[in-house]
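Architecture and fold: a report
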Amino acid sequence: QVQLVESGGGLLQAGDSLRLSCVVSERTNNVNVVGWFRQPPGEGLHFVGAIRWADSNTVYADSVKGRFTLSADNAKNTVYLQSNNLVPEDTAVYYCAGRLGYGFGRKTSDYDHWGQGTQVTVTS
């Protein structure tokens, strides 16, 4: 059974950096793209970025482009979200999600499997 488990969240100050991890179990033949979404307080889920296992190609939301970087370690079945120069507006619960399709989905409905989320809080 496919499972995604996020880790690495915490309480940070503006300007700090953070690396979130997403471990994907049973990845083979089930997950070809891993996406990250975030849910700020009182809001819905927003797309952050996505990475494809096969070629490590990535896409990002405009709000994080240049500050956030996705990478994948195939041997560890883990995707990393490196977040630099954090601002209070980055405060959210961060979720990773997996989809079988090879295209980059930007909607929650594009993804089949979800992690439980990890809280990131950035203070000014």
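Each remark here, short or long, concerns the structure printed above.
In what follows, the accompanying structure is described. Here the structure is a predicted model, which means the values were calculated and not measured. (Residues numbered from 1 in each chain as written. Predicted model: local features only at pLDDT ≥ 70, side-chain atom pairs only at ≥ 80, totals over all residues. Heavy atoms only, no water.)

Regarding the packing of aromatic side chains
Under the defined criterion, the tally for this structure stands at four aromatic pairs. Measuring from ring centre to ring centre gives 5.3 Å for Phe37 and Tyr111, while their planes differ by 80 degrees; the resulting arrangement is edge-to-face. Placement of Phe37 in strand S4 (residues 33-39) and of Tyr111 in the loop between strand S9 (92-99) and strand S10 (113-114) is noted, with a sequence separation of 74 residues between them. The pair formed by Phe37 and Tyr111 is uniform in burial state, with each residue classed as buried. Ring plane angle 50 degrees and centroid distance 5.1 Å describe the contact between Phe37 and Trp114, whose orientation is recorded as tilted. Here the residue Phe37 occupies a position in strand S4, and Trp114 occupies one in strand S10, the gap between them amounting to 77 residues. Chaining the aromatic ring pairs together yields one cluster made of Phe37, Phe47, Tyr111 and Trp114. (Phe/Tyr/Trp six-rings, centres within 6.5 Å; stacked < 30°, edge-to-face > 60°. Helix = DSSP H or I, 4+ residues; strand = E, 2+ residues; numbered from the N terminus. Buried < 20%, exposed > 50% of the residue type's maximum accessible area, 1.4 Å probe, protein only.)

A short note on the environment of Lys76
Counting through the fold element by element, Lys76 comes out in the loop between strand S7 (68-73) and strand S8 (78-83). Distance in space between the C-alpha atoms of Lys76 and Val24 is 8.7 Å, their sequence separation being 52 residues.

What about the sheet that holds strand S3 (residues 18-25)?
The sheet built from four strands is open, its strands ordered S1-S3-S8-S7 with antiparallel pairing. Sheet topology places strand S1 (3-7) and S7 at the edges, where each strand pairs with a single neighbour. Here the average twist between neighbouring strands, direction ignored, is 20 degrees. Where S7 and S8 come together, six bridges link them in antiparallel fashion. (Pairing = 2+ DSSP bridges. Axes fitted to C-alpha atoms, helices over the stretch in contact; angles between N-to-C directions.)

Thoughts on the pairing of S8
One face of the sheet, then the other: side chains in a regular strand alternate in exactly this way. Of all six residues in S8, five are buried, a share of seventy percent or more. Summarising the sheet, S3 and S8 pair through six bridges and their orientation is antiparallel. Each residue of the ladder has a partner; that of Ser21, found in S8, is Tyr80. Where S7 hands over to S8, the hairpin turn is made up of four residues, of which Asn77 adopts a positive phi near 50 degrees.

A few points about the state of the cysteines
All told, the structure shown has one disulfide when counted by the stated rule. What pairs with Cys22 in a disulfide is Cys96, and their sulfur atoms sit 2.1 Å apart. Across the S-S bond of Cys22 and Cys96 the torsion is about 70 degrees, and the bridge reads as right-handed. One end of the pair, Cys22, is in strand S3; the other, Cys96, is in strand S9, with 74 residues separating them in the sequence. (Disulfide = S-S within 2.5 Å.)

As for the side chain of Arg99
Among the secondary structure elements, Arg99 is positioned in strand S9. Asp110 is the oppositely charged side chain nearest to the buried, salt-bridge-free Arg99, at an N-O distance of 4.3 Å. A polar contact is formed between the side chain of Arg99 and the backbone oxygen of Gly103, at a distance of 2.8 Å. Here Arg99 is in contact with Asn30, Val31, Asn32, Val33, Gly105, Asp110, Tyr111 and Asp112, once residues within four sequence places are set aside. (Lys, Arg positive; Asp, Glu negative; His and termini not counted. Salt bridge = Lys/Arg side-chain N within 4 Å of Asp/Glu carboxyl O. Polar contact = N/O pair within 3.5 Å; in protein donor to acceptor, adjacent residues only side chain to side chain. Contact = heavy atoms within 4.5 Å.)

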